[in-house]
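Close look at the chain arrangement
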Amino acid sequence: MTQPVAYRAAILYSLGDPARVGLDDSFVWHEDGVLVVADGHVQDVGPAPEVLDRLPAGTQVITLENRLITPGFIDTHIHFPQTEMIASYGDQLLDWLNNYTFPEERKFAEPAHAARVAGLFLDELLRNGTTTAMVFGTVHPQAVDAFFTESSRRNTRMIAGKVMMDRHAPDYLLDTPESSYADSKALIERWHKNGRQLYAVTPRFAPTSTAEQLTVAGRLMSEYDDLYMQTHLSENKQEIEWVKSLFPEQKGYLDVYDHFGLLGERSVFAHAVHLEQEESERMGETDSVISFCPTSNLFLGSGLFDLTSAEQHRIRVGLGTDVGAGTSFSMLQTINEAYKIQQLQQQKLHPLKAFYLATLGGAESLRLDDRLGNLQPGKEADFLVIDLHATPLMKARIQNAQTLFEKLFVLMMLGDDRAIAETHVYGECRHRRDVAN
Ligand code: GUN
Ligand code: ZN
């Protein structure tokens, strides 16, 4: 066993969804707390006087002034190959895919390119305090192999998969039902549950897969335990009409995935901005998951996600940046935009709910809440040291805030990568902000 290390600072973590357990029972807050980490796990946590009293003699205690310790953020939808095309001007979904995304993804046939961008991407996640993500690759198995190799090197818990796409994209990006099955299977055998890595079967979205390929995706899901499935759903109105014309036998967009056995508790659907009532009911019934991607939905002009309706249908919801349609790697910026999307629908997003969505809610969405999402003893030690005084403006505004609620709200409105002082992955510090930058 490694020597435990104790971190003394303010500590905040979630215990449950405020919509289910009530706001007061949804979080733990220690104004002066101690987190004890050993062997990559949380060993102890609590108010400083209590934890220090029971700490083994000689344990190193690191005191962090004006800092807040939280769990690492969890991003439930992002594309690593789109890192270098973030902020591409002008288009909505289908044109944006054709004009910018597909040409960019072509570059990932080259393993060295994929390895370089995967490294940049993972480091950018860590700079922003994101320790776990559900990640799209490209159609190229070698690019996903490169991604998992880079993730293993950093010991980050990542879920990723090779895009399955056999129509309606340029030839240079197409696979076939047979090759997508064989390539996905080989990656599953190599990477699923290899260390902290997990695999997601990844049909891009209904328009780019034939019925044969969606059948194969369903077969893969039935052949392994605990595999994930990730795709896109009802993001854009034109896209929805296109799906209806491609699959006239099905009742609607969600029913296409349902027909091929792709709904379930480890199935994550990005966007779901324009769901029909019946589709929301089916999502709830099958315990399928939505990834709410605020910056992307605004950037591509897709629409306003209805979080309240998802709650009413008891659908698990996580947050996604959806970079490169999303405009920031920062989950703080993502909840900032989520708040505004709620405002536009006359709804509020309480900072504790937003914080839950970025941490434990993400872990629950990914069925990883037995290991991640908060800082209870036994959890994997993926945590952040947040600098509440990261900029002169944040410092002044935080000092002018009275309550935890207010401080958290300031953090979610003004915070970004500058507020992430340190990111710890499985007990190791993997990012420390250089204040000179
Ligand atoms: N739908 C199909 N592919 C994509 C993608 O790469 N990004 C987004 N935002 N939506 C998609
Ligand atoms: Zn996406």
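What you see is a predicted model, and the numbers here were worked out from it, not measured in a lab.

Quick look at the site of ligand 1 now. Taken together, His79, Gln82, Leu93, Trp96, Leu97, Arg204, Phe205, His232, Glu235, His271, Asp322 and Ala325 are the residues near ligand 1. Contact between ligand 1 and Gln82: an oxygen atom at 2.9 Å from a side-chain N or O atom of the residue. For ligand 1, whose unbound accessible area comes to 280 Å², protein coverage reaches 100%. Looking at which element gives the most residues to the shell around ligand 1, the answer is helix α3 (residues 93–106), with three residues. The residue inventory of the shell around ligand 1, partitioned by class, reads five nonpolar, four polar and three charged.

Evaluated as defined, the whole model comprises 14 aromatic pairs. Relative to Tyr199, the ring of Phe148 lies with its centre 6.4 Å away and its plane at 40°, an arrangement referred to as tilted. Placement of Phe148 in helix α5 (residues 141–154) and of Tyr199 in strand β9 (residues 198–203) is noted, with a sequence separation of 51 residues between them. Accessibility expressed as a relative area gives 0% for Phe148, which makes it buried. In this structure an aromatic cluster arises from ring pairing among Phe80, Phe108, Phe121, Phe147, Phe148, Trp191, Tyr199 and Phe329. Across the ring face of Tyr172, the terminal group of Arg106 is positioned such that the distance to the ring centre comes to 4.0 Å.

This part covers the packing of helix α14 (residues 351–358) against helix α17 (residues 404–414). At a minimum axis separation of 9 Å, α14 and α17 run at an interaxial angle of 55°. Compared by their axis directions, α14 and α17 come out oblique. Pair α14 / α17 crosses with left-handed handedness. Residue-level contacts link Pro351, Leu352, Ala354 and Phe355 of α14 to Phe405, Leu408, Phe409 and Met412 of α17. In terms of residue class, the contact of α14 with α17 is made up of eight nonpolar, no polar and no charged.

Once that is clear, we can look at the nonpolar core. Generally speaking, nonpolar side chains in soluble globular proteins are found buried as a group. With 103 residues, the main nonpolar core has Phe80, Phe121, Val135, Phe147, Tyr257, Ile386 and Leu411 as its most contacted residues. By size, the runner-up hydrophobic cluster in this structure holds 17 residues, among which are Ala9, Tyr13, Ile69 and Leu375.

On to the coordination of the zinc ion (ligand 2), then. The coordination sphere of the zinc ion (ligand 2) contains the protein donors His77 (NE2), His79 (NE2), His232 (NE2) and Asp322 (OD), at a distance range of 2.0 to 2.3 Å. One can describe the donor arrangement at the zinc ion (ligand 2) as irregular, given that its four donor atoms subtend angles of 90 to 166° at the metal. Each donor residue of the zinc ion (ligand 2) lies on one chain, and together they are spaced H-x1-H-x152-H-x89-D. Here His232, found in strand β10 (residues 228–233), pairs with Asp322, found in the loop between β13 (316–319) and α13 (331–343); they are 90 residues apart in sequence, far enough to count as distant. For His232, a relative accessible area of 6% corresponds to the buried category.

The next thing to look at is a nonpolar patch on the surface. On the surface, a cluster of nonpolar side chains totalling about 250 Å² of accessible area is made up of Leu298, Leu304 and Leu344. Considering the arrangement of structural elements, one finds Leu304 in the loop between α11 (294–299) and α12 (307–312).

Here we come to the side chain of Glu104. Following the sequence through the fold, Glu104 ends up in helix α3. Among the polar contacts listed, one links the side chain of Glu104 to the side chain of Lys107, at a separation of 2.9 Å. When sequence neighbours within four positions are dropped, the list of residues in contact with Glu104 reads Pro81, Glu84 and Met85.

In space, the seven strands of this open sheet follow the order β3-β2-β1-β4-β14-β15-β16, with mixed pairing throughout. Edge positions in the sheet fall to β3 (41–47) and β16 (428–432), since each of these pairs with one other strand and no more. Adjacent strand axes in the sheet meet at a mean angle of 35° when their direction is disregarded. Here six bridges tie strand β1 (residues 5–14) to strand β4 (residues 60–71), and the two strands are oriented parallel to one another.

This part takes up the UniProt feature "domain: Amidohydrolase-related" (unreviewed entry) in the protein chain. Taking the numbering used here, the UniProt-annotated feature "domain: Amidohydrolase-related" (unreviewed entry) corresponds to residues 69–400. Helix makes up 44% of residues 69–400 and strand 16%, and the two end C-alpha atoms of the span are 20 Å apart.

Another aspect to go through is the packing of α13 against α17. Direction vectors running N to C along α13 and α17 enclose 100°, while the axes themselves pass 7 Å from each other. When the axes of α13 and α17 are compared, the pair comes out roughly perpendicular. Facing α13, whose interface residues are Leu332, Gln333, Ile335, Asn336 and Tyr339, α17 presents Phe409, Leu411, Met412 and Met413. Tallied by class, the residues present in the contact of α13 with α17 amount to seven nonpolar, two polar and no charged.

Taken as a whole and judged by the stated rule, the model has 33 salt bridges. Arg127 is the salt-bridge partner of Asp417, the closest N and O atoms lying 2.7 Å from each other. Of this pair, Asp417 sits in the loop between α17 and β15 (420–425) while Arg127 sits in helix α4 (residues 111–127), and the two are 290 residues apart along the sequence. Accessibility expressed as a relative area gives 27% for Arg127, which makes it partly exposed. Two residues, Lys251 and Glu278, come together in a salt bridge whose shortest N-O distance is 3.3 Å. Of this pair, Lys251 sits in the loop between α8 (237–246) and α9 (253–259) while Glu278 sits in helix α10 (residues 277–285), and the two are 27 residues apart along the sequence. When its relative accessible area of 66% is taken as the criterion, Lys251 is described as exposed. Look at Glu278 and you get partly exposed, because its relative accessible area is 49%. Look at the salt bridges and you will find they share partners, linking Lys193, Asp226, Glu265, Arg266, Asp287, Arg316 and Arg367 into a network.

What counts as what
Residues numbered from 1 in each chain as written. Chains lettered and ligands numbered in written order. Predicted model: local features only at pLDDT ≥ 70, side-chain atom pairs only at ≥ 80, totals over all residues. Heavy atoms only, no water. Near = heavy atom within 4 Å. Polar contact = N/O pair within 3.5 Å; in protein donor to acceptor, adjacent residues only side chain to side chain. Areas by Shrake-Rupley, 256 points an atom, 1.4 Å probe, with all protein chains shown as cover. Helix = DSSP H or I, 4+ residues; strand = E, 2+ residues; numbered from the N terminus. Nonpolar A, V, L, I, M, F, W, Y, C, P; charged D, E, K, R; others polar. Phe/Tyr/Trp six-rings, centres within 6.5 Å; stacked < 30°, edge-to-face > 60°. Buried < 20%, exposed > 50% of the residue type's maximum accessible area, 1.4 Å probe, protein only. Lys NZ or Arg CZ within 6 Å of the ring centre and 35° of its normal. Axes fitted to C-alpha atoms, helices over the stretch in contact; angles between N-to-C directions. Parallel < 35°, antiparallel > 145°, perpendicular 65-115°, else oblique. Left-handed = near helix turned anticlockwise from the far one by under 90°. Contact = heavy atoms within 4.5 Å. Core = buried A, V, L, I, M, F, W, Y, C linked by side-chain atoms within 4.5 Å. Donors = N, O, S within 2.8 Å, 3.2 Å for Na, K, Ca; no water. Tetrahedral: all angles 85-135°; square planar, octahedral: opposite > 155°, others 65-115°. Patch = residues over 30% accessible without salt bridge, like charges linked within 9 Å, V, L, I, M, F, W, Y side chains within 5 Å. Salt bridge = Lys/Arg side-chain N within 4 Å of Asp/Glu carboxyl O. Pairing = 2+ DSSP bridges. UniProt positions renumbered as here; feature names shortened; annotations may be inferred.

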